[in-house]
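Summary of the model geometry
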Amino acid sequence: MSKHVAVIGGGPAGLIAAEVFANAGVNVTVYEHRRSVGRKFLLAGRGGLNITHAEPLEELLSRYGAAQDRLEPCIRAFPPDALREWCASHGEETFVGTSERVFPASFRATPLLRSWLRRLAASGAEIETGHRWTGWDASGSNQFATPDGTIARRSDATVFALGGASWPRVGSDGGWVAAFEQGGIDVASLQPANCGIGTAWSAVMAQRFAGVPIKNAIFTVGTTSTRGDAMVTASGLEGGPIYALGPSIRSALADVAGNGEQGEAAKAAEAVEIVIDLHPDLSETSLIERLSKRRAKASATSWLNSAGVALVAVALAREVTENSLP
């Protein structure tokens, strides 16, 4: 008799696990606590669905920091090119965009998810929605809260693909942490990752530039740099290069908090410096040459703008100089 595997979580990790098991001839059931699977995946599709990177593999692996040793075997087993081929097998060709990011040609997640679910159904994988995993019963079976009450399901193995707590409205609410702890499993505290940062903008910056992109810039925290487009929001910055800096920002904040007197450290740990190179492909000499052509009565804003500095970049310069541009 074939073994049965339970996959807890209907996001991309859970669905790909189910696909691997089903293709190997194993009976598999995906349990998802929301009414449909792939909800966060679809949300990511609203931003174009950056599925991977086309940079050299060694460079990509270095992005994982302390987790590289643990994740490297998995990534080498299913590298970016294999992921792009997998997308193509679902009718979604991909292309390499700015900063070597890879996107589906449609810039959408819906066609890919629909094809994926059809393939899973054809392979015999089952999906049970409305099943929130709540832990284990006395016999070791997985226990679920469902619209019809609490049920238990026995399996030969269980794969947990539970996600974090970043988007409660699409299912990532971290509700599994308590069940793990009750089962005697140590759980590291959930920390911000792949998220935006908060900045105390001036009222003018927040009101006039929220929703304006900072195009093709290099963002640096400490010794870590990322390149791409970021978005100014009313409360900070969002976007791929900002998300990629998350671990460095957390590390920098922790380093600051660990130095000095307790009171000063706690205060200092609320902020970290981010350096933005707004013109990474322009030499300092070329930029100085552009800026040297200032008209006598030109305002600082028009002077910088005429030199090819975008208005949002001028606004950033005003922010960091407390509006004291010459």
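Residues numbered from 1 in each chain as written. Predicted model: local features only at pLDDT ≥ 70, side-chain atom pairs only at ≥ 80, totals over all residues. Heavy atoms only, no water.

1. Let's talk about the side chain of Thr 29
Among the structural elements, Thr 29 can be located in strand E2 (residues 27-32). For Thr 29, a relative accessible area of 5% corresponds to the buried category. Here His 4 takes part through its side chain, which lies 2.9 Å from a polar atom of the side chain of Thr 29. With sequence-adjacent residues up to four places away left out, Thr 29 is seen in contact with His 4, Val 5, Ala 6, Val 7, Glu 126 and Glu 128. (Helix = DSSP H or I, 4+ residues; strand = E, 2+ residues; numbered from the N terminus. Buried < 20%, exposed > 50% of the residue type's maximum accessible area, 1.4 Å probe, protein only. Polar contact = N/O pair within 3.5 Å; in protein donor to acceptor, adjacent residues only side chain to side chain. Contact = heavy atoms within 4.5 Å.)

2. Side note on the sheet that holds strand E3 (residues 52-53)
Spatial ordering of the open sheet is given by E3-E5-E4, a layout of three strands whose pairing is antiparallel. Unpaired on one side and paired on the other, E3 and strand E4 (94-96) mark the two borders of the sheet. The sheet contact formed by E4 and strand E5 (residues 101-104) spans three bridges and is antiparallel. Within E5, the position partnered with Phe 95 by the bridge is Phe 103. (Pairing = 2+ DSSP bridges.)

3. A short note on the sheet that holds strand E7 (residues 132-136)
The pairing of strands in a sheet comes from backbone hydrogen bonds and takes either a parallel or an antiparallel form. Across the sheet, which stays open at both edges, the three strands sit in the order E7-E8-E9 with antiparallel pairing between neighbours. On the outer flanks of this sheet lie E7 and strand E9 (149-153), each paired with one strand and no other. Here the average twist between neighbouring strands, direction ignored, is 30°. Across four bridges, E7 lies against strand E8 (residues 142-146) in antiparallel orientation. When the bridges of E8 are listed, Arg 132 appears paired with Ala 145. (Axes fitted to C-alpha atoms, helices over the stretch in contact; angles between N-to-C directions.)

4. Observations regarding the packing of aromatic side chains
A complete count under the given rule lists 13 aromatic pairs for this structure. With 4.7 Å between their ring centres and 80° between their planes, Trp 86 and Trp 116 make a pair best called edge-to-face. Of this pair, Trp 86 sits in helix H5 (residues 80-89) while Trp 116 sits in helix H6 (residues 110-123); the two residues are 30 residues apart in sequence, bridging distant segments of the chain. Accessibility classification places Trp 86 together with Trp 116 in one group, the buried group. Taking 5.5 Å as the distance between ring centres and 75° as the angle between the ring planes, the aromatic pair formed by Trp 133 and Phe 180 counts as edge-to-face. Of this pair, Trp 133 sits in strand E7 while Phe 180 sits in helix H7 (residues 176-182), and the two are 47 residues apart along the sequence. Across this residue pair, the class does not change: Trp 133 and Phe 180 are buried. Counting every residue linked through ring pairs, the aromatic cluster contains Trp 133, Trp 136, Phe 160, Trp 176 and Phe 180. (Phe/Tyr/Trp six-rings, centres within 6.5 Å; stacked < 30°, edge-to-face > 60°.)

5. Here we look at the pattern of salt bridges
Side-chain pairing between opposite charges can occur once the charged atoms of the two side chains come close. Per the stated rule, a full pass over the model turns up seven salt bridges. Taking the shortest distance from any N to any O, the salt bridge between Arg 76 and Glu 72 comes out at 2.8 Å. Placement of the pair is Arg 76 and Glu 72 together in helix H4 (residues 68-77), with a separation of four residues, close to one helical turn. Since its relative accessible area comes to 38%, Arg 76 is described here as partly exposed. Taking the shortest distance from any N to any O, the salt bridge between Arg 132 and Asp 173 comes out at 2.9 Å. Taken as a pair, Arg 132 in strand E7 and Asp 173 in the loop between strand E10 (157-160) and H7 lie far apart in primary sequence, 41 residues in all. (Salt bridge = Lys/Arg side-chain N within 4 Å of Asp/Glu carboxyl O.)

6. Focus on the layout of surface pockets
The volume enclosed by the second largest pocket comes to roughly 1100 Å³. Along its surface, the second largest pocket is lined by 36 residues, and Leu 237, Ile 274, Val 275, Ile 276 and Val 320 are the ones closest to its centre. If one sorts the elements of the lining of the second largest pocket by residue count, helix H14 (residues 311-320) sits on top with five residues. Considered class by class, the residues forming the lining of the second largest pocket number 24 nonpolar, six polar and six charged. (1 Å grid on protein atoms, 1.4 Å probe; cavity = no way out; pocket = protein on both sides within 12 Å on 5 of 7 lines; lining within 4 Å. Points joined across faces, edges and corners; volume = space filled by probe spheres on them. Nonpolar A, V, L, I, M, F, W, Y, C, P; charged D, E, K, R; others polar.)

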